[in-house]
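Close look at the chain arrangement
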Amino acid sequence: MAIEKHKTVVLYPSLGVGHLNPMVELAKVFLSRGVAVIIAVVDSPDAMARLATTNPDITFRHLPVPLTGRDQQYSHPIMRTIDVLRAASPALRGFLRGQVPAVDALVVDMFCTDALDVAAELGVPAYFFFTSALADLAVMLHLPYNFPAASLKDVPEAVLRFPGVPPIRAMDMATTVQDRESDIARARLRQCARMPEARGFLVNTFDWLEARALKALRCGLCTPGRPTPPVYCIGPLVLPGNTDGSGERHACLEWLDTQPSRSVVFLSFGSMGIFSEAQLREIASGLENSGHMFLWVVRNPPEHQSKSIEPDMEALLPEGFLERTRERGYVMKNWAPQMEVLQHDAVGAFVTHCGWNSALEGIVSGVLMICWPLYSEQRMNKVHMVEEMKVGVVMEGYEEELVKAEELEAKVRLVMESEEGNKLRERLVVAKEMAVDALKEGGGSSDVAFDQFLRGL
Ligand code: UDX
């Protein structure tokens, strides 16, 4: 739907590429409907510059944040995010005030609750763009009504129930809310309690994938006694293929070209996933013993980071591993062109940390996942992906200090060789088709939802 009056929206992402990238994809949807977009970026100047080069139609503005006094140690990385975003409020206010004519809406990330005050002050309608699963939104909205008296970390096996989602063990709740007395848990609860102040929620998902959570939200079960703002499932919005702007095809893709269809296991752990040396060795042994092809993104363990961010593969991995697996393994340093890899016909399974962007990328590529959650809300995503969406199997060892080589080997064999793996793969074929359907112009559920949202703007 092209809209009649020319409108402008400002998108306000949180820090980090996992939040910035989906905002850029959202900006493209606005542009395709004739709505002008400005992305106001607080941090990540390098990522912003790269994205501005590859997306010349989108206007980016950098909002300066006073850095004085912000060199403190934070008790949790998200405390820094919240602090920096709060400090950016005056710059956001000044920027919005300077827009003539006034912008029609401010669309903010889930961590940007302070921006609600700026929007209210200026009379700009504010919406959230939720870059994680709709099921997580259902949980987070309900959390202020349903927060256990004990700290979750003290009752890890306690089962928590939220409308529209499978039961979740306390240990699988977001890391930010594990310790109810911590600054971060208090800050997140305050943010969650404020979320219904928004005019609505745009969510990077699609109706079919999260029907139960959507129903619970629409029936008002997640915010009892208070209206739930409208929810618009407008995804899946995922990165296009090549995003580095070079136009060159990565060597790992050339390697994938030489492998049989669906033969390769891809291991990649988001923007920040990092393992100890001991864990890397277990992964290497598990991959070697599985006998399957693999493409593995390796980062330097925390204990070596002070020396270099470049991992020294020969020193880190078991002796002779690289030589022995030369014919069937491709080990990469730090970063892979993930979306292009997932879309390659040679990839048959994806070992993922369950960041929501990665989960969606796996789904739209029709690739079965082995869910190995690491940080943030990824354990909750694992629950939804395994128990509700049925797009992956769980790597149980994530609860322990180390995932053992034997488990990795067994899970790789399960997804690549077993009848159960084949059955799950059929589900992925359907999920991929449903993702395509959702985005179809003129009738797909996400296309319709975006039109509805625009009509209310
Ligand atoms: C966190 C949260 O867990 C996620 O749910 C949230 O909404 C964003 O922040 P993050 O670690 O950023 O997750 O992971 P993910 O959401 O999966 O995003 C990572 C992005 O980086 C993906 O788009 C992925 O394709 C890309 N990536 C990652 C690469 O392109 N190459 C890599 O090697 C690793």
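For the protein chain, an unreviewed UniProt entry supplies the name Anthocyanidin 5,3-O-glucosyltransferase and the organism Dichanthelium oligosanthes.

**A closer look at the pattern of salt bridges**
Taken as a whole and judged by the stated rule, the model has 27 salt bridges. The partner of glutamate 121 in a salt bridge is arginine 97, with the nearest N and O atoms 3.4 Å apart. Of this pair, glutamate 121 sits in helix α5 (residues 114-122) while arginine 97 sits in helix α4 (residues 89-97), and the two are 24 residues apart along the sequence. A relative accessible area of 54% means that arginine 97 is categorised as exposed. Between glutamate 417 and arginine 413 there is a salt bridge, and its shortest N-O distance comes to 3.1 Å. Taken together, the residues span about one helical turn, with glutamate 417 and arginine 413 both in helix α16 (residues 405-417) at a distance of four residues.

**Details of the packing of helix α6 (residues 134-142) against helix α8 (residues 211-218)**
Look at α6 against α8: their axes get within 8 Å of each other, and the N-to-C directions meet at 35°. Like other packed secondary-structure pairs, α6 and α8 cross with a definite hand, here left-handed. Every residue of α8 that contacts α6 at Leu134, Ala135, Ala138 and Leu141 is listed here: Ala213, Leu214 and Leu217. Grouping the constituent residues of the contact of α6 with α8 by class yields seven nonpolar, no polar and no charged.

**Concerning the site of the ligand**
Around the ligand there are 22 residues in total, and Ala336, Ser358, Glu361, Tyr375 and Glu377 lie nearest to it. Side-chain polar atom of tryptophan 335 to a nitrogen atom of the ligand: 3.5 Å apart, as the coordinates give it. Between serine 358 and the ligand, the recorded distance is 2.5 Å, taken from a side-chain N or O atom to an oxygen atom. In the complex, 96% of the free accessible area of the ligand, which totals 670 Å², lies under the protein chains.

**Here's the deal with unusual backbone geometry**
Here the residue pair valine 100 and proline 101 is connected by a cis peptide bond, since its omega of -5° sits within 30 degrees of zero. Inspection of the secondary structure assignment puts proline 101 in the loop between α4 and β4 (105-109). A cis amide bond, omega 0°, links glycine 235 with the succeeding residue proline 236. Along the chain, proline 236 turns up in the loop between β9 (231-233) and α9 (251-257). Residues other than glycine seldom take positive phi values, yet arginine 262 does so here, at roughly 50°. Looking at the element boundaries, arginine 262 is found in the loop between α9 and β10 (264-268). Within the chain, asparagine 334 stands out as a residue other than glycine whose phi angle is a positive 70°. Classification of asparagine 334 by relative accessible area gives buried; the value is 16%.

**Some thoughts on the sheet that holds strand β8 (residues 201-203)**
The strands making up a sheet associate through backbone hydrogen bonding, with each pair oriented either parallel or antiparallel. Strand order in the open sheet formed by seven strands is β3-β2-β1-β4-β5-β8-β9, and the pairing between neighbours is parallel. A strand with exactly one partner marks an edge of an open sheet, and here the two such strands are β3 (59-62) and β9. This sheet shows a mean twist of 25° between the axes of neighbouring strands, independent of strand direction. In this structure, β8 lies alongside β9, joined through three bridges in parallel fashion. Within the sheet, the bridge partner assigned to leucine 202 lies in β9 and is tyrosine 232. Of the strands in this sheet, β1 (7-12), β2 (35-41), β3, β4, β5 (126-130) and β8 are in contact with helix α1 (residues 17-32), which crosses β2 at around 165°.

**What to know about the pairing of β3**
Where β2 meets β3, four bridges bridge the pair, whose relative direction is parallel. Bridge pairing in β3 places valine 41 opposite histidine 62. Considered for its hand, the β-α-β crossover made up of β2, helix α2 (residues 45-54) and β3 is right-handed.

**Focus on α1**
With 16 residues, α1 ought to run about 22 Å at 1.5 Å a step, and its terminal C-alpha atoms sit 22 Å apart, in line with that. Among the residues of α1, those classed as buried are His19, Leu20, Asn21, Pro22, Met23, Val24, Glu25, Leu26, Ala27, Val29 and Phe30.

**Quick notes on the domain arrangement of the protein chain**
How big an interface is tends to be stated in terms of accessible area lost as the parts join. Its domain assignment divides the protein chain into domain 1 (8-240 + 439-455) and domain 2 (251-435). Computed over C-alpha atoms, the centres of domain 1 and domain 2 are 27 Å apart. Together, the buried faces of domain 1 and domain 2 total about 2,600 Å²; carbon and sulfur atoms form 63% of this surface. On the domain 1 side of the contact with domain 2, Asp172, Trp208 and Leu209 bury the most area, a combined 24% of that side's loss. Where domain 1 meets domain 2, there are three salt bridges. Arginine 169 is the partner of glutamate 399 in a salt bridge, and the nearest nitrogen-oxygen pair spans 2.7 Å. Contributions of two or more residues to the side of domain 1 that touches domain 2 are made by α1, α6 and β7 (168-169). The element that contributes the greatest number of residues to the side of domain 1 that touches domain 2 is α6, accounting for four residues. Its residues assigned to classes, the side of domain 1 that touches domain 2 comprises 21 nonpolar, six polar and five charged.

Procedures and definitions
Residues numbered from 1 in each chain as written. Predicted model: local features only at pLDDT ≥ 70, side-chain atom pairs only at ≥ 80, totals over all residues. Heavy atoms only, no water. Salt bridge = Lys/Arg side-chain N within 4 Å of Asp/Glu carboxyl O. Helix = DSSP H or I, 4+ residues; strand = E, 2+ residues; numbered from the N terminus. Buried < 20%, exposed > 50% of the residue type's maximum accessible area, 1.4 Å probe, protein only. Axes fitted to C-alpha atoms, helices over the stretch in contact; angles between N-to-C directions. Left-handed = near helix turned anticlockwise from the far one by under 90°. Contact = heavy atoms within 4.5 Å. Nonpolar A, V, L, I, M, F, W, Y, C, P; charged D, E, K, R; others polar. Near = heavy atom within 4 Å. Polar contact = N/O pair within 3.5 Å; in protein donor to acceptor, adjacent residues only side chain to side chain. Areas by Shrake-Rupley, 256 points an atom, 1.4 Å probe, with all protein chains shown as cover. Pairing = 2+ DSSP bridges. Right-handed = clockwise from strand over helix to strand, strands pointing away. Expected span 1.5 Å × (residues − 1). Domains from an automatic or database assignment. Buried area = accessible area lost by both parts, 1.4 Å probe.

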